[in-house]
Structure formats: C-alpha cells, structure tokens
Amino acid sequence: MTLLTTAIDAGRRWWDRRRRPTGAVPASPSRRAMLTGGGALLLGAGVTGATTGYYAGTGSPPTGEATSDVRKLGATGDGRTDDTEALQRAIDAVKDTGGVVYLPPGVYLTRGLRLYSRVHLRGAGGDTTTLKLHKGANKAILESDRFSELTGTDKNAGIGHFSVRDLTLDGNKDENPDGGYGIRVYGYGYELSEVIIFNCRQDGLYSEWSASAALPSPSHQMEARLTAVRSHDNEGDGLNFNGPHDSMFVNCVSFENSGVGFRMAGQSHGSQMINCHGWGIRQAVAFHLAALSIGCVNCYADINGGVGVRIFRHGCRWVGGFVLGANHTGHRREIGVQFVPGPAANEPSGCVIDTKISNCATAAIDFGADSGQSSIRAQLTQPGVHINGRYVDGSGAGWIGSPHPTSRVDVVEGVADAGKNYVVSPAFELRSQDVPGAPGPDSVRVFARTVGGNTQLCAQFPNGVVRVLAAE
C-alpha cells in the first residue's frame, strides 16, 4: 500500500466519523492523523511541487481552476511530435487570470513559446521534464511577451510576477545553426528555480529590464530571483544578465560556455550573488562584473585559462570564496582578478576584494585599470608553471600592473619569485599639521608640516628633536 493510498484512506475514515448521526460522539483526529492524512491530501493540492512524491510519484498536476496541464491540451512529450501549439494553448489558457502550467515528465519539442505575466511554468524536475528547441526554429525556447519591441528601450514595461521551475531547456544547437536561446526576458519580479539551460546556439539566459525604480502596478519589487539555475555548454554566455537591478542569484552554476559564465551588465546594478560557481576551459571569463555595485559572496571562479573575475565598474565586491586557476599554458592568459577600463571616467574604483587566489599561470591580480579607492586583500598560492620539472620564467606572478596610489592593497603568501610581489603596502597620505608633542620612549613619530609655504616630511624623536626627511 502506498503512502498516498494510506493517506487517502485515513482521510476518508476521519470524514466518515465526522458524518455520524447527531448525538454520536465524534472521534477527535490526532495531530499525527492530521499530519499524515490531511497533510498528504493538502500536498496533493499544492502548486509548488516541493516534495518528490508529488511529481515523480503521482505524476499529477496541481489542482484548481487556474491550472493548465499541457497533456490535457494535446501535448505529447514524446520527443518527436511538435508540441508548440498545444504548449502555447496551455499558457494562453491562464494568461488572463494568471496560474500554473504543468508539464508532466517528457521531452516537449517546441518552435518557441511566449510567456506572460503571472504565468508559472512547472515541470516535474530538471531530469524528467525537458523543453527542446525544434530543428530549424533558430529562436528562444521561452521568450517574454513583446520582447523584441521592448529590448533596448529602457522602458519600465515588460512582464512580471512569473516563474519557471523544475525543468530543462535544451537549445538543440546542432539542429539550430542560425540561433537559439534558452530563455529571453524583458521583465521584472520573476523567479527561476531548479532550471537547467544547456546546448543553446546563443546565450542560455538573456535578461533585461529598465533602470527605473517606478514599477508598474501591482508590484512588490523589481528584482529577479534565480535559485539553483544551471547553464552550460551554450555557444554564447551562460547567464547574460542586464537587469532587473537589485536581483539575487543563489547557488547558481554556469560552466563550459563559449562566452562568459556570469555576465552582469546593463541595468543589473546592485545585484547580489551568493554561493555561485563559474568554471570551464571554454569560458574566457567566469564572472564578468560590468554593472555598478555587483556583490559576490562566497562565490567560486574555477578557471582553466582565461579570467576568473573581471571588474569594469565602480563599487563591485568579491568577498570570500575562491579563485582557482590550473596553471594553464593555453592560448589565453590565466588571471585571477582583473581590473579593466569601464565606460565612465576613472572606472573601476571603490571596489572590495577579499579572497584566496591560487594557481593562475599569468598572475593572481591584474591592476591595469585600478582607478583608486579600492581595498584589495588576497592570499596567494602561486607556484608558477612547471614543465618537465622546470619553472617557466615569468609565470605565477602575484600581480601585473600597478595599483592606484589611493587603493589599499594587502597581498600575502607564496609567489613564484620570492624576491618580488610579496606585499604592496597600503597607500597613505600625511597632511601638514602643527608640530605635535614628543612621542613616547623608543618611538619615532612621522608627520608633515609646512614651513615657508613648502611641505616637509619630518621625523620626531622621544627627546622632541625634529629631523626633516624630505621637503619640496
């Protein structure tokens, strides 16, 4: 007897007792009965599918008037039939009221589907429900309503309050040579959870929205929320995210894409990434921070050639986590953290790096475009490249380029050449002042003063004597 049958029987027995004639003493259901009987019945009517038995065990869709089962509207999910029309009928059935579109286990071929606000696609799990791009479709598997009209306009329009969960998007790139995305969105306030996106001719995910903070009503927030999204083996970027701003990424993975793993650009400013992982020899860059104030906490850039974390804009942060190279000797320079010129003057600046960096063949840090006021603290393990047991000169550097004088830099631990690149002392500035009181015993005070309009750098000893070290 299955758990579901037991739960149903328990519920019926409880209901029968409730229907006894007047005067009979009804049996009070125990808390355990409510949890195992009533709880299981409620689970069957849920819409989130959080328990394995709900999808895999029963194969039943959520219930309710605002639920659309694609099989009941003609979709086959056999991996051979073009299910586009049936799938779109299921979406259109709830687009006016909002609701859930359920896709039972299967492979559903489609030439592209249009998404609307408050429509929630639910699969039976990433390993059991797949939307696969039909041969020759050369477009996005899922695309938000009016995407082509809105992209590039910076309008606070588009769709919102929708979600996609528990399914796989297969871009079928071998049979779509001219194009194809997993999902393209111009919208806000949406959620992707436990979604696998792979094998696309272009980006796995492309998302865009406005810089505006004025949201169409009704609205609770502008953010997108991506949880446990996995994007890999796409010919473009894994996740090309250009908004909405202030979004959240948790436990996402992007690997072995031909472009960038996580591209945070456009109007994605203020977005936060937690426990995300970018890796693979095909990816030129694991994390590309090209929007203002992107925050990465406990993220992992695992590279085999290329760049782990590339920073373009002001205020970006990479705190904790790990940047790991492979002492790769391929055609690309292998760099852990790289500062590159941003679109505005004096970018990037005001950034925070506090992490561990290891085994980057070229250098752990490239300060080339550091524009100042940043704090960079890193522990290095940089043994350099060894071929046939011999160290390759110039490899495994602590850094290349020079940090800006106003940046605070503290880089420690082993590098290939022990005579170089151990520590860059923090930059500091002494402002001129009156001669201070004498320092304590066994101390020297260094200060600046102005004499005759010229600034002097001075040392003062315990007996009060002042010596001029340097002057204009």
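Every value quoted in this text rests on a predicted model; they were computed, and no experiment measured them.

About the criteria used
Residues numbered from 1 in each chain as written. Predicted model: local features only at pLDDT ≥ 70, side-chain atom pairs only at ≥ 80, totals over all residues. Heavy atoms only, no water. Helix = DSSP H or I, 4+ residues; strand = E, 2+ residues; numbered from the N terminus. Buried < 20%, exposed > 50% of the residue type's maximum accessible area, 1.4 Å probe, protein only. Contact = heavy atoms within 4.5 Å. Patch = residues over 30% accessible without salt bridge, like charges linked within 9 Å, V, L, I, M, F, W, Y side chains within 5 Å. Areas by Shrake-Rupley, 256 points an atom, 1.4 Å probe, with all protein chains shown as cover. Salt bridge = Lys/Arg side-chain N within 4 Å of Asp/Glu carboxyl O. Pairing = 2+ DSSP bridges. Phe/Tyr/Trp six-rings, centres within 6.5 Å; stacked < 30°, edge-to-face > 60°. Lys, Arg positive; Asp, Glu negative; His and termini not counted. Polar contact = N/O pair within 3.5 Å; in protein donor to acceptor, adjacent residues only side chain to side chain. Axes fitted to C-alpha atoms, helices over the stretch in contact; angles between N-to-C directions.

Student: For this particular structure, what's the right way to read the overall build of the chain?
Tutor: The helix and strand tally for the chain stands at five helices and 37 strands. For the chain, with 472 residues in total, the buried portion stands at 47%. Pairs at least 24 apart in sequence give 59% of the contacts found in the chain among residues at least 6 apart.

Student: Even after reading the chapter, I still don't get a nonpolar patch on the surface, so can you show me in this structure?
Tutor: Side chains of Phe428, Leu430, Val444, Val446, Leu457, Phe461, Val465 and Leu469 sit close together on the surface and give an oily, nonpolar patch of about 700 Å² of accessible area. Residue position: Val465 is located in the loop between strand E36 (454-460) and strand E37 (466-471).

Student: Would you explain unusual backbone geometry in this entry?
Tutor: Glycine aside, residues mostly have negative phi angles, and peptide bonds mostly take the trans form. That bond from Gly243 to Pro244 is cis: its omega, 10°, falls within 30 degrees of zero. With omega at -5°, the peptide bond leading from Glu347 into Pro348 counts as cis. Within the fold, Pro348 resides in the loop between strand E27 (334-339) and strand E28 (352-358). You will see that His161, though not glycine, has its phi angle at about 60°, which is positive. Classification of His161 as buried rests on a relative accessible area of 18%.

Student: What exactly am I supposed to notice about the pairing of strand E4 (residues 106-110) here?
Tutor: Residues in a regular strand point their side chains to alternate faces of the sheet. Of all the five residues making up E4, four are buried; the element is thus mostly covered by neighbouring parts of the structure. Of the pairings in the sheet, the one linking strand E2 (residues 78-82) to E4 comprises two bridges and is parallel in character. Each residue of the ladder has a partner; that of Asp78, found in E4, is Val107. In the sheet, E4 pairs with strand E7 (residues 129-133) via five bridges, with the strands oriented parallel. The partner of Thr110 across the bridge, within E7, is Leu133.

Student: I tried to follow the packing of aromatic side chains on my own but got confused; where do I start?
Tutor: The way to describe two aromatic rings as a pair is by their centre distance and the angle between their planes. One pass over the structure, following the stated rule, counts ten aromatic pairs. For the ring pair Tyr300 and Phe322, a centre distance of 5.8 Å and an interplane angle of 15° mean the geometry is stacked. Placement of Tyr300 in strand E24 (residues 300-302) and of Phe322 in strand E26 (residues 317-324) is noted, with a sequence separation of 22 residues between them. Here Tyr300 falls in the partly exposed class, since its relative accessible area comes to 26%. Judged by relative accessible area, which is 26%, Phe322 ranks as partly exposed. Ring plane angle 10° and centroid distance 6.3 Å describe the contact between Phe339 and Phe367, whose orientation is recorded as stacked.

Student: Sorry if this is basic, but what is going on with the pattern of salt bridges here?
Tutor: Side-chain pairs of opposite charge can arise whenever the charged atoms involved come near each other. Enumeration over the complete set of coordinates arrives at 15 salt bridges. We note a salt bridge from Asp82 to Arg111, for which the minimum N-O separation is 3.0 Å. Placement of Asp82 in strand E2 and of Arg111 in the loop between E4 and strand E5 (113-115) is noted, with a sequence separation of 29 residues between them. Here Arg111 falls in the partly exposed class, since its relative accessible area comes to 37%. Arg146 serves as the salt-bridge partner of Glu149, at 2.9 Å between the closest nitrogen and oxygen.

Student: When you look at the environment of Gly189 in this model, what are you seeing that I'm missing?
Tutor: Along the polypeptide, Gly189 turns up in the loop between strand E11 (183-188) and strand E12 (191-198). Residue classification places Gly189 among the buried residues on the basis of a relative accessible area of 3%. Sequence separation of Gly189 and Glu223 is 34 residues, and the distance between their C-alpha atoms is 4.9 Å. Gly189 has contacts with His161, Phe162, Gln221, Met222, Glu223, Ala224 and Arg225, leaving out every residue within four places of it along the chain.

Student: Would you mind showing me how to read the pairing of strand E16 (residues 239-242) here?
Tutor: What you see with E16 is no split at all: Leu239 and Phe241 on one side and Asn240 and Asn242 on the other are buried throughout. Both strand E13 (residues 205-208) and E16 contribute to a ladder of four bridges, which runs parallel. Residue pairing in the sheet places Ser207 in a bridge with Phe241 of E16. The pairing of E16 with strand E19 (residues 260-264) spans three bridges and is classified as parallel. The residue of E19 that forms the bridge with Phe241 is Met264.

Student: Is there a simple way to think about the environment of Gly280 in this case?
Tutor: Among the structural elements, Gly280 can be located in the loop between strand E21 (277-279) and strand E22 (285-289). Put simply, Gly280 and Phe255 are 25 residues apart on the chain and 5.3 Å apart in space, counted from C-alpha to C-alpha. Beyond its immediate chain neighbours, meaning those up to four positions away, Gly280 contacts Glu256, Asp302 and Asn304.

Student: Can you walk me through the side chain of Glu256 in this structure?
Tutor: Relative to the assigned elements, Glu256 resides in the loop between strand E18 (253-255) and E19. We note that Glu256 is buried and unpaired, the nearest opposite charge coming from Arg282 at a distance of 4.9 Å. Of the polar contacts made by the side chain of Glu256, one reaches the backbone nitrogen of Ile281; its length is 3.5 Å. Apart from the residues lying within four places of it in its own chain, the contact partners of Glu256 are Asp233, Asn234, Trp279, Gly280, Ile281, Arg282 and Gln283.

Student: Help me out: how do you make sense of the sheet that holds E36 in this one?
Tutor: Strand pairing in a sheet relies on backbone hydrogen bonds. The paired strands run either parallel or antiparallel. Across the sheet, which stays open at both edges, the three strands sit in the order E35-E36-E37 with antiparallel pairing between neighbours. On the outer flanks of this sheet lie strand E35 (445-451) and E37, each paired with one strand and no other. Neighbour-to-neighbour, the strand axes of this sheet turn through a mean angle of 35°, independent of strand direction. Across five bridges, E36 lies against E37 in antiparallel orientation. Bridged to Gln456 within E37 is Ala471.

These figures capture arrangement, not role.
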